[in-house]
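Coordinate inspection notes
Each chain is listed here by its residues.
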Amino acid sequence: MRPLLLLAILICFHCVLRKGFCSSEQDKVLSITAVTQEQVILLQNISSHNETTLWQPASPSYITENTPVHLFVQSSSVTRVTELLNTHRFSFSVLLENTQQLIQEQTRNITTDPKSGGMTYERYHSLEDIYYLINKTSQEHPDMTKLILIGSSFEKNPLYLLKLSGRRGPVDKAMWMDCGIHAREWISPAFCLWFIKYAVIFYKENPDITAMLDKMDIYILPVMNPDGYKYTWTTNRMWRKNRSVREGTSCVGVDLNRNFDANWCTAGASSNPCSDIYCGQYPESEPEVQAVTKFLRAHKDSIKLYFSMHSYSQMLLFPYSYTHDQIPNHSELFDLVKEAAVKIRRHYKNVYHFGSGAKTIYLAPGGSDDWAYDQGILYSFTFELQDRGRYGFLLPPNLISVACNEALAAVKIISMRVLEKL
Ligand code: ARG
Ligand code: ZN
């Protein structure tokens, strides 16, 4: 009897440690499709409640008929929500039921010590580790890199830019890439780190990266939203916005990709501070956005190419997102993203959708890509990286390399084509 009792205690202890793994109620991600207008409204209500977090689309207001909605539901609400869905005859399935386990696997201490070497880029890194890594890279490659502080976040975390250049004299062209505007999209900062590593290793080895670095300076902002990113590591993995607070509301955060001065806070953004697509009190109200726009304004004559990395849904987008109107060079950018998508399909057997933001996903004003475009950066893109449809924001670390390699292929082909035009 005694060993059995011990075993029972151990299992129980294990369950408590792993946050209720042994009970049937775990946090879940459901895929739900509304087919009637009545169901759309119901689903908007369900997804507005605190115990749930919308993964896709970004806000209840974007929910429409016949498009699957990905909804994260806290363990304590799973029964209530599924009963509600059954009562109203929704068709739904469970997309993920091991979210706690996935989160643990992505944040384990033993795998995140950046000093332990090996496989550094096939895992996610905490904010401190990212600062450490870019600092280390800049020290190891002083002839190709420069660390530039462009400002700080609401919570006074530094916004570091890494400038990459070939071993050559000054040039007059540049490219910009930011990652981590949205806190929970972890593959995005992972991609910026991946790109940096690739660039320093393959300069003078790979012809594309050599041409890019010889002809342009490349400015990379690995984490545009450090406060939010930190918060996803410590408190809430599903957080999207930054962490700014304001008077008159207890709700925290502004959607930085709704805070740029590009048809600010019109349809597709929200003036409600509690919304995940809250536009802020005025355009560029957020220090993170101010830092980026200040730098881009100061360098807009040299910067010819703008990339903003997001996840998930596998899309290559270009302006506009704030209007359905077409940009003057629509067909040019369309051909570029199409070629990139074809390359990804051929080499990686993966399908990326492409087109203007408003037509391909939804109207979303106040975005960085549209703002950059209207500043005169005529090759402006937003990428939505993997997952391939199963893990959403919780893309497991062993899939980071495929996700990054295909995105890298797209960045390279577009950059090469643009360099040929300039
Ligand atoms: N999923 C991104 C967002 O909601 C889409 C970005 C597309 N560009 C844009 N300017 N909205 O922010
Ligand atoms: Zn995003």
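The following refers to the structure shown. The residue numbers shown here count from 1 along each chain, following its written sequence. Going through the entries in the order they are written, you letter the chains from A and number the ligands from 1. For this predicted model, a pLDDT threshold of at least 70 governs which residues receive local features, and a threshold of 80 or more governs which side-chain atom pairs are given and counted, while totals over whole chains, interfaces and linings are taken from all residues. With hydrogens and water stripped out, all remaining heavy atoms of the structure feed into the side-chain values.

We call a residue near a given molecule or strand whenever any one of its heavy atoms falls within 4 Å of it. All residues adjacent to ligand 1 are His182, Arg240, Asn257, Arg258, Ser321, Ile361, Tyr362, Ala364, Gly367, Asp369, Thr382 and Glu384. Side-chain atoms alone can form a polar contact between residues adjacent in sequence; in general such a contact is a pair of N or O atoms within 3.5 Å, and within protein one must be able to donate a hydrogen while the other accepts it. Contact between ligand 1 and Asn257: an oxygen atom at 2.9 Å from a side-chain N or O atom of the residue. Interatomic distance of 3.3 Å between a backbone N/O atom of Ala364 and a nitrogen atom of ligand 1. In this description, accessible areas are obtained by the Shrake-Rupley approach with a 1.4 Å probe, and a residue is regarded as covered only by the protein chains that are shown. Taken by itself ligand 1 offers 330 Å² of open surface, and the protein chains cover 97% of this. Using protein atoms alone on a 1 Å grid, points that fit a 1.4 Å probe yet trap it form a cavity, whereas open point sets bounded by protein on both sides within 12 Å along at least five of seven lines form a pocket; residues with an atom within 4 Å of a point count as lining. For a cavity or pocket, the test is whether more than half of a molecule's atoms lie within 2 Å of its grid points; if they do, the molecule sits there. Given that more than half its atoms are within 2 Å of the pocket grid, ligand 1 belongs to the second largest pocket. All amino acids are sorted into three groups, where Ala, Val, Leu, Ile, Met, Phe, Trp, Tyr, Cys and Pro are nonpolar, Asp, Glu, Lys and Arg are charged, and the leftover types, Gly among them, are polar. Across the shell around ligand 1, the residue classes tally to three nonpolar, five polar and four charged.

Turning our attention to the pairing of strand β10 (residues 315-318). Look at any regular strand and the pattern is simple: side chains alternate between the two faces of the sheet. Neither face of β10 is exposed, since Met315 and Leu317 on one face and Leu316 and Phe318 on the opposite face are all buried. Think of it this way: DSSP has to see at least two bridges between two strands before they count as a pair. Put simply, DSSP marks the helices as runs of H or I at least four residues long and the strands as runs of E at least two long, and each gets a number from the N terminus on. Pairing between β10 and strand β11 (residues 353-356): four bridges, direction parallel. If you follow Leu316 over to β11, its bridge partner there is Phe354. With the strands aimed away from the viewer, a crossover counts as right-handed if its path from the first strand over the helix to the second runs clockwise. Handedness of the β10-helix α10 (residues 330-348)-β11 crossover: right-handed. As defined by bridge partners, β10 adjoins strand β12 (residues 379-385) across three bridges and the pair is classed as antiparallel. Along β12, the bridge assignment pairs Met315 with Glu384. A simple rule labels every residue: compare its accessible area, found with a 1.4 Å probe on the protein chains alone, to the largest value its type can have, and call it buried under 20%, exposed over 50%, or partly exposed in between.

All right, on to the packing of α10 against helix α13 (residues 400-421) then. Helix axes use the C-alpha atoms of the stretch in contact, all axes being lines fitted to C-alpha atoms, and the angles between their N-to-C directions lie in the range 0 to 180 degrees. Two numbers describe how α10 lies on α13: the axes approach to 9 Å, and their chain directions differ by 140°. Seen along the crossing, α10 lies across α13 with a hand that is right-handed. In this structure, α10 uses Glu332, Leu336, Val337, Glu339, Ala340, Lys343, Ile344 and Tyr348 to contact α13, whose residues at the interface are Val402, Asn405, Glu406, Ala409, Ala410, Ile413, Ile414, Arg417, Val418 and Lys421. Residues belonging to the contact of α10 with α13 are distributed by class as follows: eleven nonpolar, one polar and six charged. Should the near helix be turned anticlockwise from the far one by less than a right angle, the crossing is left-handed, and should it be turned clockwise, the crossing is right-handed. A contact between two residues is defined here by any heavy atoms of the two lying within 4.5 Å.

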